[in-house]
Amino acid sequence: MIFSEFDTIAAISTPIGEGGIGIVRISGPEAVAISSRIFFSSKGVNLSTVKSHTINYGYIIDPESGEKIDEVLVSVMRAPKTYTREDVVEINCHGGFIILNKILNLLIRQGARVAEPGEFTKRAFLRGRIDLSQAESVIDLIRAKTDDARKIALEHLDGKLSIKINELRDILTRVCAHVEAYIDFPEEEIDGLTEAEIKKEIIKVRDEIDKLIEGYEEGKIYREGLRVAIVGKPNVGKSSLLNALLMKERAIVTEIPGTTRDIIEEYINIKGLPVKIIDTAGIRKSHDLVENEGIRRTLKALDEAELVLLMLDMSEEINSLDMEIIDRAKDKKTIVVLNKSDIKRDNFHIPQQLKNKPTVEISALKGEGIEKLKDTIFNLSVLGRYRQEGLIVTKLRHKIALESAKASMNNALDSFGKNEPLEITAMFLREGLSFLGQIVGVITTEDILNLIFSEFCIGK
Ligand code: GDP
């Protein structure tokens, strides 16, 4: 079956599970007609004739068997003032999977088709209600793990990034027009930008692009969390620290060395910074296969971590295993966490290699020093630098497009400086324009669109 963007689509838009209400959303030219065939009201309300943006009380009834399915409230919103700019109907029923599924099936039988992931938002884009970067921010908004992440996504949805990108595109278009005018009328006196001005404008665009690229690292942290790995030998207190940070019993704490065999991932929120804690199996030499797998993963986690919490046990002497872990982590941004301060040995010394690293003394068991550790984690993250300026790039796709645009600007400057034919400069400027255009979706192929929207869940 070939899907068309003009089909009427339907999907369950609320999460699967039990809830007070559940919503089935329908969008497309036949949305109202299809819904009206399964909706009945004792007052004889017909959805096809109700006013736009009204909520209507009644029942969903299977038109073939006459069976009553649920008591519902149905909102009817006609194009163009809707999420998709098409006719949209939302059936608010009771939030049980059987009910929702039955209603969806009735709609399909009446001629709707099941929406693909993200298809409602894709339509909002295709119908021009939002641009591509705004559409992408819908998913960030839904997945936001902290309030700051939510705010950034909402800013993007409001079009803050799009406005900036379009500003840069406007400048470039203008510069490009001037350069092309010189190509077309080389002999004439053109009242255009001077050579120095052209250069200045290109540099300005390039530097603005650069700032956006730098803001990506920060944006990624807001979106995905700062990846922090807790490493240390078995029994040093990694699980206890994780629990203290989470303030709940998520990791299994045990006194048998080497029992945390899986990597556990949890998010915590430190002053608005989402931190993804990766707890790992203790690194130690072992012939046990399962544990070897744990060690392999620990090294991998160490590799992936942006920040390492390297734990040492102050109640014991530093041993060769500690030294091996210290060595493995030597190139990482590290906080040395000295645990078991409550039973600290008098002659405990930090190894020389770690003397310059930020160090926090804690007792994971007693919950002491945890706040100081959180502060140290926050201060070591890059957070806050670009956030203040209000523009943060959160998508890898955007970052790649920005990097390409920056390269085009550098090439344009280079060729302009070398007095190469102006056609070459113009070509690089056009190229840069097209990379920026990819971010807001002026230039996009079907493949890119499918990739972007497939990230969404059904019903969005
Ligand atoms: P892991 O193997 O590194 O995950 O270590 P665990 O978190 O499972 O802790 C091992 C043992 O050390 C447990 O018996 C904990 O109760 C104990 N422990 C952890 N942190 C502290 C601490 O700060 N002080 C004391 N006295 N014991 C601790």
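Check the entry above for the structure.
*Asks:* Is there a simple way to explain the overall build of the chain in this structure?
*Replies:* Scanning the chain from N- to C-terminus turns up 14 helices and 13 strands. Taken across its 460 residues, the chain has 49% of its residues classed as buried. Partitioning the contacts of the chain with sequence separation of at least 6, the portion at a separation of at least 24 is 67%. As displayed, the chain has an accessible area near 22600 Å², and 53% of this comes from carbon and sulfur atoms.

*Asks:* Looking at this structure, I do not really get the nonpolar core. What am I missing?
*Replies:* Looking at soluble globular proteins, one finds that nonpolar side chains tend to be buried together. Counting residues in each nonpolar core, the largest one holds 33 residues, and the members touching the most others are Ile165, Val175, Ile209, Leu212, Leu402, Leu429 and Leu436. Residues contacting Leu402, with those up to four places away along its chain left out, are Ile165, Ile209, Leu212, Ile213, Val393, Leu436 and Ile439. Of all hydrophobic cores here, the second largest spans 27 residues; its members include Ile230, Leu245, Leu309 and Phe378.

*Asks:* Help me out: how do you make sense of the packing of aromatic side chains in this one?
*Replies:* A ring pair, where both rings are aromatic, is described by two values, the distance of the centres and the angle of the planes. With the rule as written, the count across this model stands at 1 aromatic pair. A cation over an aromatic ring shows up here: Lys68 above the ring of Tyr59, its NZ or CZ 4.1 Å from the ring centre.

*Asks:* Before we go on, may I ask you to explain helix H4 (residues 132-143) in this structure?
*Replies:* One turn of an α-helix holds 3.6 residues; hence residues three or four places apart share an orientation. An ideal rise of 1.5 Å per residue puts 16 Å on 12 residues; H4 measures up with 18 Å between its terminal C-alpha atoms. Taken residue by residue, H4 has Leu132, Ser133, Gln134, Ala135, Glu136, Ser137, Val138, Ile139 and Asp140 as its buried positions. Structurally, the start of H4 carries an N-cap: the backbone nitrogen of Ser133 is 3.0 Å from a side-chain oxygen of Asp131.

*Asks:* What's the story with the side chain of Ser75 in this structure? I'm lost.
*Replies:* One can find Ser75 in strand S5 (residues 68-77). Among all residues touching Ser75, those that are not within four sequence positions of it are Thr54, Ile55, Val88, Val89, Glu90 and Asn92.

*Asks:* How do you make sense of the pairing of strand S4 (residues 54-61) when you look at a structure like this?
*Replies:* Residues in a regular strand point their side chains to alternate faces of the sheet. The pairing of strand S3 (residues 39-40) with S4 spans 2 bridges and is antiparallel. Counterpart to Phe39 in the pairing with S4 is Ile60. Two elements, S4 and S5, share 8 bridges in a ladder whose sense is antiparallel. Each bridged residue has a counterpart across the sheet, and for Ile55 the counterpart in S5 is Ser75. Linking S4 to S5, which pair antiparallel, is a turn of 6 residues; within it Gly66 sits at a positive phi near 80°.

*Asks:* Explain the packing of H4 against helix H13 (residues 422-440) here, please?
*Replies:* Helix-helix packing: each pair is described by the crossing angle between the helix axes and the interaxial distance. Two elements in contact, H4 and H13, have axes whose closest approach is 5 Å; the angle formed by their N-to-C orientations is 40°. Considering their axes alone, H4 and H13 lie oblique with respect to each other. Packed against H4, whose contacting residues are Leu132, Ser133 and Glu136, the element H13 presents Gln438, Ile439 and Val440 at the interface.

*Asks:* Would you mind going over the sheet that holds strand S2 (residues 19-27) with me for this structure?
*Replies:* Paired through their backbone hydrogen bonds, the strands of a sheet run either parallel or antiparallel. Read from one edge to the other, the open sheet built from 7 strands follows the order S3-S4-S5-S6-S2-S1-S7, with strand pairing classed as mixed. The open sheet has two free edges, formed respectively by S3 and strand S7 (113-114), since each of these has just one partner strand. Here helix H2 (residues 97-109) sits on the sheet and contacts strand S1 (9-12), S2, S4, S5, strand S6 (88-95) and S7; the angle it forms with S6, its principal contact strand, is near 150°. Along the sheet face, helix H3 (residues 119-126) touches S1, S2 and S7 and points at about 140° away from the line of S1.

Cut-offs applied
- Residues numbered from 1 in each chain as written.
- Predicted model: local features only at pLDDT ≥ 70, side-chain atom pairs only at ≥ 80, totals over all residues.
- Heavy atoms only, no water.
- Helix = DSSP H or I, 4+ residues; strand = E, 2+ residues; numbered from the N terminus.
- Buried < 20%, exposed > 50% of the residue type's maximum accessible area, 1.4 Å probe, protein only.
- Contact = heavy atoms within 4.5 Å.
- Areas by Shrake-Rupley, 256 points an atom, 1.4 Å probe, with all protein chains shown as cover.
- Core = buried A, V, L, I, M, F, W, Y, C linked by side-chain atoms within 4.5 Å.
- Phe/Tyr/Trp six-rings, centres within 6.5 Å; stacked < 30°, edge-to-face > 60°.
- Lys NZ or Arg CZ within 6 Å of the ring centre and 35° of its normal.
- Expected span 1.5 Å × (residues − 1).
- Polar contact = N/O pair within 3.5 Å; in protein donor to acceptor, adjacent residues only side chain to side chain.
- Pairing = 2+ DSSP bridges.
- Axes fitted to C-alpha atoms, helices over the stretch in contact; angles between N-to-C directions.
- Parallel < 35°, antiparallel > 145°, perpendicular 65-115°, else oblique.

The analysis is restricted to geometry; functional conclusions fall outside its scope.
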